[in-house]
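Below, each chain spelled out in residue letters.
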There are 4 protein chains.
Amino acid sequence: MQIGMIGLGKMGGNMAERLRRGGHEVVGYDRDPDVSDVGSLKELVDRLEAPRAVWVMVPAGEPTRATIASLGDALSAGDIVIDGGNSHYVDDQKHGKELAEKGVKFVDVGVSGGVWGLQNGYALMAGGLPEDIAHLKPIFDTLKPEGEDGFVHAGSIGAGHFAKMVHNGIEYGMMQAFAEGWELLEATDIVTDVPGAFKSWRHGTVIRSWLLDLLTRALDEDPGLEDLKGYAQDSGEGRWTVQAAVDHAVPLPVITAALYARFASRQEDSPAMKMVAALRNQFGGHAVTA
Amino acid sequence: MQIGMIGLGKMGGNMAERLRRGGHEVVGYDRDPDVSDVGSLKELVDRLEAPRAVWVMVPAGEPTRATIASLGDALSAGDIVIDGGNSHYVDDQKHGKELAEKGVKFVDVGVSGGVWGLQNGYALMAGGLPEDIAHLKPIFDTLKPEGEDGFVHAGSIGAGHFAKMVHNGIEYGMMQAFAEGWELLEATDIVTDVPGAFKSWRHGTVIRSWLLDLLTRALDEDPGLEDLKGYAQDSGEGRWTVQAAVDHAVPLPVITAALYARFASRQEDSPAMKMVAALRNQFGGHAVTA
Amino acid sequence: MQIGMIGLGKMGGNMAERLRRGGHEVVGYDRDPDVSDVGSLKELVDRLEAPRAVWVMVPAGEPTRATIASLGDALSAGDIVIDGGNSHYVDDQKHGKELAEKGVKFVDVGVSGGVWGLQNGYALMAGGLPEDIAHLKPIFDTLKPEGEDGFVHAGSIGAGHFAKMVHNGIEYGMMQAFAEGWELLEATDIVTDVPGAFKSWRHGTVIRSWLLDLLTRALDEDPGLEDLKGYAQDSGEGRWTVQAAVDHAVPLPVITAALYARFASRQEDSPAMKMVAALRNQFGGHAVTA
Amino acid sequence: MQIGMIGLGKMGGNMAERLRRGGHEVVGYDRDPDVSDVGSLKELVDRLEAPRAVWVMVPAGEPTRATIASLGDALSAGDIVIDGGNSHYVDDQKHGKELAEKGVKFVDVGVSGGVWGLQNGYALMAGGLPEDIAHLKPIFDTLKPEGEDGFVHAGSIGAGHFAKMVHNGIEYGMMQAFAEGWELLEATDIVTDVPGAFKSWRHGTVIRSWLLDLLTRALDEDPGLEDLKGYAQDSGEGRWTVQAAVDHAVPLPVITAALYARFASRQEDSPAMKMVAALRNQFGGHAVTA
């Protein structure tokens, strides 16, 4: 089917390519004229036949908000907007309401796959009305990995990004679990082949997983990770997961610990631990490292 | 090759079977005469040709200690004992020293695989001298899963169980990460197809893993896990992992949180939270649930 | 000086009483006519001389929002509203802006003291413009405990409630630290006089504190806390503290753990631990408690 | 009464001084001849009248073990040894058994007070037989702070150090709670008088405590703690608390998080976070800080 794609960066560009390979007609728009098929969002809308489907794949937050607002103006009743970016589920619910006032439909899709998606397919989690999801099925079928899994209609508007958010929260916890295990193995003198231990776990163990495959690949390239700094960004979904947990009174000790470890990794020095050092000095005359 | 196997329970029995299918001669001994090939440990030793190899597969702690002590008496210099149970790496180092005084060699092997091992093979992590490991290679090759992975000579005596211990610690963290994600998805009204979300993640996502496969299988059988109680045992390795972390001054927030969640799951009521309730009552006159 | 007080419940009523004892003229308004000095908010405003000062002491959230909106309509430019409830600092900033459009000034005050405040004074943390804080000084001086401490002008609008929020976050962490210590002491057979241990700590130790005093009082009344359930509410500030931490990328492992312990204390059964039990059952055939 | 004191460092020396001021006869022995009253441990024993009481105040671990072994040789049946150092409760039980074989009695005492103890008294937690505790009461009465609290006979041998260990675990949690609160207050622009906020909390709040007093003193000396590094040692009791928790299956999330924060504070870079960075790079092509 025909679809507009706004945002042709690393993710959006590869998704457009996968859709084209799958036989769909993709009209792409990007601020960068070198990769854009059209000169403006208006031209994109004009090039599509009603009822139009426009997939938004731009950075979450203000860029997505602005794009959806523009689409609300440019599209017609019966058209459909898909937000495939990393939006907060709370924003989806606002966007859905705004577009609905103009008769424009809205579906949110959480997309997983990263740089491997073009080749292997993108795992898709969608939120919206059943009829809107059904209408977009050909698109989803092409984007998702082969096989029976890789797509879910998770619930109402926001459910796609909520599910994706939780997926990423789980990812944080799993990555930290592997990372802690690696640190402990490196800390003991008894174990001398740490990369070998991880490699051995790739088959027949409870923890075999794609992350373990990636981990062994990373250790192949740099067995002691000596070229890396212990510095990790967080992309937003981890924070939203913790905030959703607090909102729903759900205890998430592991996922939160993983998020906090990232926060701490970005600090030159820990303010809290300065205070602990100060207190130890006050009550015990303990030596302080200045 | 020829090997003695002590302990023919769920694990040892299946491992003996896999070895036999692989062409090895296994002489098994178990306290249960119905499954034992010999009437006593002495008879087992007599049935094996020197230099003997005896694989111990009995419960960790006192049973393993007692078995290894008996073997130290019954075996001859040049024989080799393999502890494939869930022993603490600290115990391995003691056992290795005791056996060495009698000229008996010792190798420790952490074994992963559970009920799936007979069919898929057992992931093996071994600790000991290179020549002892090399001698046992035919056994390891048969027990381990097919392919290049599934076995590691991790280091000196104790390294096998240390690596297995860390594997299980990582497993605790991963399981808890999935469990927390499930609880949060269940807690929101937006997501209506929680099992579908997990199922969709099996392909094309960062968190695809054997645990995720098991999780979707569990949700297939009981979509809301309504037949289960939130009660989880811990098998020892999780505790040892945290103790090793404390000994090595390695922070393990995620793995420890997962262990503590299991401790808490087994409490009828939380003593600590009684005290929190008592304090709230003291300072704020907050209502207390009695 | 003269002040209006809206909300004459446990907190507001006692604060009005302390102000009267301190020589101030308090005109109180409450929905309950039995305790109210006036019949309506309008009558309250009429009874006060301009520039008026009105202290709002009603539940946080909608009641506070509605009260401040009504005051915005009823008051005149130059009047001042003080929010002494448990409002979120984010709301303060909105309220300040709304009132400022009408020329009405706004100060937020975090109040600590609970049931002991009437007698011992209330610790006050204020946010707002220096001139507004200065104008209200006689009120603050009467409400606060005797001595040099007990009051701070913490910063701009919202700073009072931000500081109070952090105070409560610290309180969560301290309470949980004591509670965990108590649980561990109760768990060992070696220590036979647990209440005595806590009592002994009241003097000469690093952890002597008002919470420790309250704790020993609680143990005096019920040495094993056998009449209590391990069930603890959270009053909002703990959640806001964690959310502020996530917003500011500040790791708060202890305060968050204390909040999560409260969430968990209110669950009949832990959904996450059902999933852990399910996974253990899937991979290990571990017995499951149903 | 008469008492021998072994170890006249910062703690032991001040305790000897407090005992002398209280009218006791103290014979002190230290490896440093400048502060020692006698030339050898043997001379110390000779100078005391039977039944002797000897207080050991040397570093925990090997020094304490060696000192107690020597005393076991030098003392006579009916004499009593008091270990007032920071020993592990597990060691107390061994020491008590060893001494009992020679008829020598043993009492363990956890001592809190630090540099303030000489002036304010030392909080004492004792473990041992009731008659041995009773015999030493004059000593305890002099060492402890004035008033009814500051001393407890907590239970059997080891109970004193167990209680002290838990005291320190609670201390870790409280310090970290304050430290986290400080970091969050420093992180927001709204609060401009952070030291003032802490100071205001010293009266009328739930968190008033000696640690808060020390904290405000530290901020008086260095309002932003700019002269300090966020580096904190741990003195052993925190680790033992977590190990005891693991042994007793008691979840201690707050105390453990505080311990782990200290471990992390001493790392130049976090190995675990190197692995997280490596994984992020593998699956997402995320930029890595090298």
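Our structure's up above, just so we're on the same page.
Read on for a plain summary of the structure.

Rules and cut-offs
Residues numbered from 1 in each chain as written. Chains lettered and ligands numbered in written order. Predicted model: local features only at pLDDT ≥ 70, side-chain atom pairs only at ≥ 80, totals over all residues. Heavy atoms only, no water. Contact = heavy atoms within 4.5 Å. Buried area = accessible area lost by both parts, 1.4 Å probe. Salt bridge = Lys/Arg side-chain N within 4 Å of Asp/Glu carboxyl O. Polar contact = N/O pair within 3.5 Å; in protein donor to acceptor, adjacent residues only side chain to side chain. Axes fitted to C-alpha atoms, helices over the stretch in contact; angles between N-to-C directions. Helix = DSSP H or I, 4+ residues; strand = E, 2+ residues; numbered from the N terminus. Parallel < 35°, antiparallel > 145°, perpendicular 65-115°, else oblique. Left-handed = near helix turned anticlockwise from the far one by under 90°. Buried < 20%, exposed > 50% of the residue type's maximum accessible area, 1.4 Å probe, protein only. Lys, Arg positive; Asp, Glu negative; His and termini not counted.

**Some thoughts on the interface of chain B and chain A**
At step 1: Contacts between the two partners involve 71 residues from chain B, matched on the other side by 71 residues from chain A.
At step 2: Both sides of the chain B and chain A interface together cover about 5800 Å² of buried area, and 71% of this is carbon and sulfur.
At step 3: The three residues of chain B that bury the most area against chain A are B:L184, B:I190 and B:V206, which together make up 13% of that side's buried surface.
At step 4: The interface formed by chain B and chain A includes two salt bridges.
At step 5: Residue B:D149 pairs with A:R202 through a salt bridge whose shortest N-O separation is 3.9 Å.
At step 6: Across the contact surface, chain B and chain A share 16 residue pairs in polar contact (both at pLDDT 80 or more).

**Observations concerning the interface of chain D and chain A**
At step 1: Counting residues at the interface gives 51 residues for chain D, matched by 51 residues for chain A.
At step 2: Summed over both partners, the interface of chain D with chain A buries about 4700 Å², with 66% contributed by carbon and sulfur atoms.
At step 3: For chain D, the biggest contributors to the area lost against chain A are D:M275, D:Q282 and D:F283; these three give 15% of the whole.
At step 4: Between chain D and chain A we count zero salt bridges in total.

**Points about the packing of helix α8 (residues 159-187) of chain D against helix α10 (residues 210-221) of chain D**
All names here are of chain D.
At step 1: Here α8 crosses α10 at 45°, and the two axes come no closer than 11 Å. The orientation of α8 relative to α10 falls into the category oblique. The handedness of the crossing between α8 and α10 is right-handed. Facing α8, whose interface residues are M174, M175, F178 and W182, α10 presents L211, L212, L215 and L219.

**Remarks on the side chain of B:E180**
At step 1: Relative to the assigned elements, B:E180 resides in helix α8 (residues 159-187).
At step 2: Despite its burial, B:E180 pairs with no opposite charge, the nearest such side chain being B:R262 at 11 Å.
At step 3: Among the polar contacts made by the side chain of B:E180, one reaches the main-chain amide nitrogen of A:V254 at a distance of 2.8 Å.
At step 4: Excluding residues within four positions of it along the chain, B:E180 makes contact with A:P251, A:L252, A:P253, A:V254, A:I255 and C:A272.

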